[in-house]
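Summary of structural features
Below are the chains, spelled out letter by letter.
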Amino acid sequence: MKIETNEANINKLFGNDFWFVVPEYQRPYLWERDNVNDLLNDLWDVYKEYHENDEDKYFLGSLVLCKRNEEENGIRYAVYDIVDGQQRLTTLMLLMAVLRDVTKDEQVKKELGDLIYQKESRVRRIPERVKIKYKRCILFLSILIFQSNNQQSMQNLGQKPTPIQYLTMFSI
């Protein structure tokens, strides 16, 4: 097995080069409100600092990934099993889902949706998939990915949560 270290920014992680799988042996999403708030505060502080000092790098944390290939409907593609860092990566995906659901800008809504979900393209030989595939959390994904297309699913849970409630309600 070859071990490499690489630097990647959020744009690259949520681009077309990376597709993740949370293996069954991984613990479920357990971050609490304090964990999420710490990450959001860190991101906000970096955002403010970036605009003031033109800094373009911030260490968000490490990810330990194991690359392998999957095949679906005759389409072979690389995926990365998340060995370490899935809580942070999942929270970033939740943040994108929240931003997608609260924005009024339809173009931004579409682009954020495209970052977490990819429709199948038979012409380009691209499978339908989500940015992070959870081996144990089907309900979690259906609410996360399709929520913007099905507001009723959240309303069935009661009053529509605020974005931070949305981020912290998924302790599975």
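In what follows, the structure referred to is the one given above.
Below or above, wherever it landed, is the structure these notes cover. Worth saying up front: this structure is predicted, and the values here are computed from it rather than measured.

Across the interface, helix H3 (residues 86-102) lies against helix H4 (residues 106-116) with an axial gap of 8 Å and an inter-helix angle of 155 degrees. One finds that H3 runs roughly antiparallel with respect to H4. Once H3 is placed against H4, the crossing between them reads as left-handed. The segment H3 lies against H4, with Met-93, Met-96, Ala-97, Leu-99, Arg-100 and Asp-101 engaging Lys-109, Leu-112, Gly-113, Leu-115 and Ile-116. Residue composition of the contact of H3 with H4, by class: seven nonpolar, one polar and three charged.

As a further point, take a nonpolar patch on the surface. On the surface, Tyr-25, Val-64 and Val-83 cluster together to form a nonpolar patch covering roughly 290 Å² of accessible area. Structurally, the position occupied by Tyr-25 is in the loop between strand S1 (20-22) and helix H2 (33-53).

Our next topic: the nonpolar core. Ranked by size, the top nonpolar core spans 21 residues in total, and within it Leu-13, Phe-14, Phe-20, Ile-82, Leu-89, Met-93 and Ile-132 carry the most contacts. Of all the secondary structure elements, the ones that give two or more residues to this core are S1, H2, strand S3 (75-84), H3, H4 and strand S6 (132-134). For this core, the element with the most residues is H3, which contributes six residues. By size, the runner-up hydrophobic cluster in this structure holds five residues, among which are Val-21, Ile-75, Tyr-77 and Val-79.

Looking now at a negative patch on the surface. Together, Glu-32, Asp-34, Asp-38 and Asp-42 line one region of the surface with negative charge. By relative accessible area, Asp-34 is classed as exposed at 57%.

Scanning all chains against the criterion turns up seven salt bridges. Between Asp-101 and Arg-100 there is a salt bridge, with its nearest N and O atoms 2.7 Å apart. If you follow the salt bridges from partner to partner, you end up with Arg-68, Glu-70, Asp-81 and Lys-133 in one network.

Glancing now at the packing of aromatic side chains. Within this structure, the stated rule accounts for three aromatic pairs. Between Phe-18 and Phe-20, the ring centres sit 5.9 Å apart and the planes meet at 10 degrees, which makes this aromatic pair stacked. Side by side, Phe-18 and Phe-20 carry an identical accessibility label, which is buried. Through a chain of ring-to-ring contacts, the aromatic side chains of Phe-18, Phe-20 and Tyr-80 assemble into a single cluster. Seen from the ring of Tyr-77, Arg-129 lies directly overhead, with NZ or CZ sitting 4.8 Å from the centre.

As a further point, take the sheet that holds strand S2 (residues 64-72). With respect to topology, four strands assemble into an open sheet ordered S2-S3-S1-S6, the strand pairing being mixed. On the outer flanks of this sheet lie S2 and S6, each paired with one strand and no other. Shown here is a sheet whose adjacent strand axes are inclined to one another by a mean of 35 degrees, direction ignored. Inspection of the sheet shows S2 paired to S3 by nine bridges, in the antiparallel sense. The residue of S3 that forms the bridge with Glu-70 is Tyr-77. Each of S1, S3 and S6 touches H3; the most contacted strand, S6, lies at about 115 degrees to it.

The rules behind these values
Residues numbered from 1 in each chain as written. Predicted model: local features only at pLDDT ≥ 70, side-chain atom pairs only at ≥ 80, totals over all residues. Heavy atoms only, no water. Axes fitted to C-alpha atoms, helices over the stretch in contact; angles between N-to-C directions. Helix = DSSP H or I, 4+ residues; strand = E, 2+ residues; numbered from the N terminus. Parallel < 35°, antiparallel > 145°, perpendicular 65-115°, else oblique. Left-handed = near helix turned anticlockwise from the far one by under 90°. Contact = heavy atoms within 4.5 Å. Nonpolar A, V, L, I, M, F, W, Y, C, P; charged D, E, K, R; others polar. Patch = residues over 30% accessible without salt bridge, like charges linked within 9 Å, V, L, I, M, F, W, Y side chains within 5 Å. Areas by Shrake-Rupley, 256 points an atom, 1.4 Å probe, with all protein chains shown as cover. Salt bridge = Lys/Arg side-chain N within 4 Å of Asp/Glu carboxyl O. Core = buried A, V, L, I, M, F, W, Y, C linked by side-chain atoms within 4.5 Å. Buried < 20%, exposed > 50% of the residue type's maximum accessible area, 1.4 Å probe, protein only. Lys, Arg positive; Asp, Glu negative; His and termini not counted. Charge placed at Lys NZ, Arg CZ, Asp CG, Glu CD. Phe/Tyr/Trp six-rings, centres within 6.5 Å; stacked < 30°, edge-to-face > 60°. Lys NZ or Arg CZ within 6 Å of the ring centre and 35° of its normal. Pairing = 2+ DSSP bridges.

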